[in-house]
Amino acid sequence: MADNSTLVLFGARGNLSRIKLIPGLFHLDESGKLSEKMKIVSVGRQNISQNEWENEIKDMLEKKFNKKYDLKVFDRFIKRNIYHSTLPDDPDAFKKFSKLLLNDSRFPKNFAFFLSVRPSDFAKIVDQLAEENLLNEDKYWRRVLIEKPFGTNLKSAINLQASISKHLKETQIYRIDHYLGKSALQNILWTRFSNSIFEHMWNNEHIDHIQITNHETLGVGERTEFYDATGALRDMTQSHLLQMLALTTMEKPKSFSPDDIRVEKIKLLKSIRPIPINKIHKYAFRAQYKSGNIEKEGHVKGYLEELENDKSVVETYAAIKIFLDTPRWKNIPIYLRTAKRLNQSGTFISIKFKNNQDNKKLADNWLVFSIQPKESTYFEIQTKVPGLNKVDLRSTKLEGMNRLEQDDKIDAYETLMLDLIEGNQSRFLHIDEVKAAWSLIDPIIENWTNNKEKIHQYTAGTLDPKESEIIFENQSQFWREGN
Ligand SMILES: NC(=O)c1ccc[n+]([C@@H]2O[C@H](COP(=O)([O-])OP(=O)(O)OC[C@H]3O[C@@H](n4cnc5c(N)ncnc54)[C@H](OP(=O)(O)O)[C@@H]3O)[C@@H](O)[C@H]2O)c1
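Residues numbered from 1 in each chain as written. Predicted model: local features only at pLDDT ≥ 70, side-chain atom pairs only at ≥ 80, totals over all residues. Heavy atoms only, no water.

Q: Describe the overall build of the chain, with residues and values.
A: Assigned secondary structure in the chain consists of 13 helices and 17 strands. For a compact globule of 483 residues, the expected C-alpha radius of gyration is about 23 Å, and the chain comes in at 24 Å, within 12% of that figure. Along the three orthogonal principal directions, the C-alpha set of the chain runs to about 80 × 55 × 45 Å. The 483 residues of the chain split such that 54% are buried. Here the chain has roughly 23,000 Å² of accessible surface; of this, 50% comes from carbon and sulfur atoms. Taken as two groups, the 72 positive and 67 negative side-chain charges of the chain have centres that lie 2 Å from each other. (Helix = DSSP H or I, 4+ residues; strand = E, 2+ residues; numbered from the N terminus. Rg over C-alpha atoms; globule rule 2.2 N^0.38 Å. Buried < 20%, exposed > 50% of the residue type's maximum accessible area, 1.4 Å probe, protein only. Areas by Shrake-Rupley, 256 points an atom, 1.4 Å probe, with all protein chains shown as cover. Lys, Arg positive; Asp, Glu negative; His and termini not counted. Charge placed at Lys NZ, Arg CZ, Asp CG, Glu CD.)

Q: Explain the pairing of strand β3 (residues 81-85) residue by residue, including any values.
A: Burial of β3 is extensive: 5 of the 5 residues sit out of reach of the surface. Every second residue of β3 is oriented toward a common face, with Asn 81, Tyr 83 and Ser 85 on one face and Ile 82 and His 84 on the other, all of them buried. The sheet contact formed by strand β2 (residues 39-44) and β3 spans 5 bridges and is parallel. Across the sheet, residue Val 43 finds its bridge partner in β3, namely His 84. (Pairing = 2+ DSSP bridges.)

Q: How would you summarise unusual backbone geometry if you had to cite specific residues and measurements?
A: Following Lys 148, the chain continues to Pro 149 via a peptide bond in cis, the omega torsion being 0°. Residue placement: Pro 149 occurs in the loop between β5 (142-146) and α6 (154-164). In this chain, Gln 372 is followed by Pro 373 through a cis amide linkage whose omega measures 5°. You can see Pro 373 is positioned in the loop between β14 (366-372) and β15 (376-384). Phi is positive for Asn 133, which is not a glycine, with a value near 60°. Residue position: Asn 133 is located in the loop between α5 (122-131) and β5. For Asn 133, a relative accessible area of 45% translates into the label partly exposed. For Glu 308, which is not glycine, the phi dihedral falls at a positive 60°.

Q: Would you mind going over helix α7 (residues 183-194) in detail, with residue names and values included?
A: Taking 1.5 Å per residue as the helical rise, α7 with its 12 residues ought to reach 16 Å, and the 16 Å between its terminal C-alpha atoms agrees with that figure. Of the residues making up α7, those classed as buried are Ala 184, Leu 185, Ile 188, Leu 189, Thr 191, Arg 192 and Phe 193. As for α7, its buried residues are in contact with α8 (196-199), α9 (224-249), α10 (258-270), β13 (346-353) and β14. (Expected span 1.5 Å × (residues − 1). Contact = heavy atoms within 4.5 Å.)

Quick look at the structure:
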């Protein structure tokens, strides 16, 4: 059981908190994971009463759990929860807040601050906490969780880091990438390293290439302004896809301690060869969806129509090819692709094995880790069709579900909040990982932003644009469409 602590949730009335954080904390309480004296202080900028806040919590839980939750746990959960407002026009707001936290005996003095606020507010809040001596670890631990994104490019990430590291050591900073809280992602590491069959074939001798995919049928919806300032590469590739890459290709850590796992992930991300910008068209492809038909939704608008601006060259489809400068992966292409409004939604890692046999007509062996919507491990092998004399081969598909009906359904945010209060940083990003990711992505974004020529358009509800295949190393490669 973790130490008694006080979790302070900035942005408690925001969207993320309502949908994920408060229900997640409730579920952790229900599972007996919160220490008896743990308190949750929800900080907002509106002046609402404790009673109103409790009604809001009730509403969030009813929505999330469809009115089915344990009332005894609800009473316990409500007793842990205290609402506190830091009014924007009160210059002493943080002084008062600090007085409450430090002097009121209800609050354990190990503090975890979860900043679920706009990225522009991260540094400001850390400054204010430091000013009130709330980050000092002389007697108790003090941790700060920073939501995604950590910067919007290398420069802003370095600036944010410079600002918060004036007050915090690396061991106090928990930078989130919520994909790392997904059990299916953790499974990649455990499948690789707890099954001895994998290690000897996990290299350039046996693997032809790897594809890491995140496709959605959804469009950008209401978030046009956010999306047009971000794009697919920043939104998905810089964070989630590169983390999947690291877990798939990193070397075995010395131990499975949080520190050792992070050491190997950092090494791997630093080994990515920069994309040669003078040949960018062979390494990176972008496109935008135009109107089309999506199953269950019917006719949908194109990106530029939704945006009401036909000048935008921001990508809703991004595919890149990278190489790793490590002996294990020398000359093996790794493709990362992400898209909105494709024909199917799915996040999966597909590994194609080399066909080293004389008979080149044999179909390929694939291993696929499916992350969502289903969580499975899938293997495609060649087997003999039963029959007399003739040898005919066909592909046999072996699929094992990694999540069974009876398994606990734990949201990624629950895992990460528990890690925060237990002090486990292995599923959070080290600053070196963030820097390595931006170093790869920045030059591509810069090139794409400066190139204002109309970008390729694909019809919503279709497969990957054929033109994206330009990044393949050879003609035998093709996009794998799930399993
Ligand atoms: N929502 C998601 O699914 C999601 C996914 C990934 C990442 N994120 C990240 O998570 C963070 C929160 O996202 P969100 O969608 O919840 O945003 P949101 O709905 O805009 O909520 C942010 C909340 O923070 C409050 N706030 C701002 N400064 C504050 C302060 N000094 N003290 C207390 N509260 C303060 C705001 O209050 P006011 O209303 O008074 O301004 C607002 O309620 C963002 O960094 C976002 O990038 C969200």
